[in-house]
Amino acid sequence: RTSKTTSFCPELLISYLTNGLTSLERFPISFKTQFSGHCFHHVVLGVYCNGRYGSLGMSRRQDLMDKPLTHRTLGELVAEFESSYKRYQHTLKKV
């Protein structure tokens, strides 16, 4: 007997749930980090609304998912993620 695994993509669900918000721009942000010699890949849903950037996502770590719409630039948002990853000894390798 074989078991089938269903893949769950929280960014897709969040995108679907926010689809009716026409003033909200949505885009994926992917990160590649390194920890203890191993590479890890992470994805969050970036959002832009009223001149501010933020993100929605799922993680075991609170500071590695949702970011409020307070960042003036996308670079500022990415820098916030880099700072959060550093707290867990992950080095950001690629965005």
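Keep in mind that what you see is a predicted model, and the values were worked out from it rather than measured.

Concerning the pattern of salt bridges
Here comes step 1: Here the structure, examined in full by the defined rule, presents two salt bridges.
Here comes step 2: The partner of D63 in a salt bridge is R87, and the shortest N-O contact between them spans 3.1 Å. Within this pair, whereas D63 is found in the loop between β3 (52–56) and β4 (67–71), its partner R87 is found in the loop between α2 (74–86) and β5 (91–94), the two being separated by 24 residues in sequence.
Here comes step 3: Taking the relative accessible area as the measure of exposure, R87 reaches 44% and is therefore partly exposed.
Here comes step 4: In this structure, E80 and K67 form a salt bridge, with 3.4 Å as the shortest nitrogen-oxygen distance. Of the two residues, E80 sits in helix α2 while K67 sits in strand β4, which places them 13 residues apart along the sequence.

Section: the environment of G54
Here comes step 1: Its location among the elements puts G54 in strand β3.
Here comes step 2: Taking the C-alpha atoms as reference, G54 lies 4.3 Å from L69; in sequence the two are 15 residues apart.
Here comes step 3: Look past the residues within four positions of G54 in its chain and what remains in contact with it is L45, G46, V47, K67, P68, L69 and L77.

A word on the side chain of H90
Here comes step 1: Here H90 is to be found in the loop between α2 and β5.
Here comes step 2: Of the polar contacts made by the side chain of H90, one reaches the side chain of T33; its length is 2.8 Å.
Here comes step 3: Every residue in contact with H90, bar those within four places of it in the chain, is listed here: T33, Q34, F35, F40, H42 and Y85.

Examining the environment of V44
Here comes step 1: Structurally, the position occupied by V44 is in strand β2 (residues 38–49).
Here comes step 2: The class for V44 is buried, based on a relative accessible area of 2%.
Here comes step 3: Note: C-alpha distance between V44 and G57 (13 residues apart in sequence) is 4.8 Å.

Some remarks on the sheet that holds β3
Here comes step 1: Here we have five strands laid out as an open sheet, ordered β4-β3-β2-β1-β5, and antiparallel in their pairing. Of all the strands in the sheet, the pair left with one neighbour each is β4 and β5. Each strand axis lies, on average, 35 degrees off the axis of its neighbour in the sheet, ignoring direction.
Here comes step 2: In this sheet, β5 lies alongside strand β1 (residues 25–35) in antiparallel orientation, the contact comprising three bridges. Within the sheet, the bridge partner assigned to T33 lies in β5 and is L92.

Here is what the cut-offs are and how they apply
- Residues numbered from 1 in each chain as written.
- Predicted model: local features only at pLDDT ≥ 70, side-chain atom pairs only at ≥ 80, totals over all residues.
- Heavy atoms only, no water.
- Salt bridge = Lys/Arg side-chain N within 4 Å of Asp/Glu carboxyl O.
- Helix = DSSP H or I, 4+ residues; strand = E, 2+ residues; numbered from the N terminus.
- Buried < 20%, exposed > 50% of the residue type's maximum accessible area, 1.4 Å probe, protein only.
- Contact = heavy atoms within 4.5 Å.
- Polar contact = N/O pair within 3.5 Å; in protein donor to acceptor, adjacent residues only side chain to side chain.
- Pairing = 2+ DSSP bridges.
- Axes fitted to C-alpha atoms, helices over the stretch in contact; angles between N-to-C directions.

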